[in-house]
Amino acid sequence: MLANLHVKNLALIEEADINFKDGLNILTGETGAGKSMVIDAVHAILGERVSRDMVRNGAKNAFVSAVFDELSP
């Protein structure tokens, strides 16, 4: 299970740490709040190619990391 997602300089996200809990986790917010960027960050962690255009304007690079926990039986 995804426990934590750290995103830095990805599109409009300057820096964010998102902690996920057991059960249902829902991303909500206004249009343009960055929900799709969080999903794109997960895709990057899972090996999907990321365009250079996704790096935040003015930043040299972007960084995404994730922590996964084992599921309890």
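Draft legend 1. Representation of the nonpolar core. Counting eleven residues, the largest nonpolar core is built from L2, L5, V7, L10, I13, I18, F20, M37, V38, A41 and M54. At four residues, the largest contribution of residues to this core is made by strand β1 (residues 2-10). The contact partners of L10, leaving out residues within four places of it in the chain, are M37, A41, V50, M54, R56, A62 and V64.

Draft legend 2. Inspection of the sheet that holds β1 at higher detail. Pairing in this open sheet of three strands is antiparallel, and the strands run β2-β1-β3 from one edge to the other. The open sheet is flanked by β2 (13-19) and β3 (63-68), the only strands paired with a single partner. When strand polarity is set aside, the average angle formed by the axes of neighbouring strands in this sheet is 5°. Relative to β2, β1 runs antiparallel, the two being bridged by six bridges. Paired with L10 across the strands is I13, a residue of β2.

Draft legend 3. The arrangement of the environment of D22 in detail. As for its position among the elements, D22 is in the loop between β2 and α1 (35-45). Given a relative accessible area of 68%, D22 falls into the exposed group.

Draft legend 4. Spotlight on the pairing of β1. A large share of β1 lies buried, amounting to eight of its nine residues. Note: β1 against β3, six bridges, orientation antiparallel. Paired with N4 across the two strands is V67, which belongs to β3. Where β1 folds back onto β2 in an antiparallel hairpin, the turn is made up of two residues, including A11, whose phi is positive at roughly 55°.

Draft legend 5. Geometry of the side chain of N4. By secondary structure assignment, the location of N4 is in strand β1. Here the side chain of N4 touches I18 through a polar contact of 3.5 Å, landing on its backbone oxygen. Among all residues touching N4, those that are not within four sequence positions of it are D17, I18, N19, F20, S65, A66 and V67.

What counts as what
- Residues numbered from 1 in each chain as written.
- Predicted model: local features only at pLDDT ≥ 70, side-chain atom pairs only at ≥ 80, totals over all residues.
- Heavy atoms only, no water.
- Core = buried A, V, L, I, M, F, W, Y, C linked by side-chain atoms within 4.5 Å.
- Buried < 20%, exposed > 50% of the residue type's maximum accessible area, 1.4 Å probe, protein only.
- Helix = DSSP H or I, 4+ residues; strand = E, 2+ residues; numbered from the N terminus.
- Contact = heavy atoms within 4.5 Å.
- Pairing = 2+ DSSP bridges.
- Axes fitted to C-alpha atoms, helices over the stretch in contact; angles between N-to-C directions.
- Polar contact = N/O pair within 3.5 Å; in protein donor to acceptor, adjacent residues only side chain to side chain.

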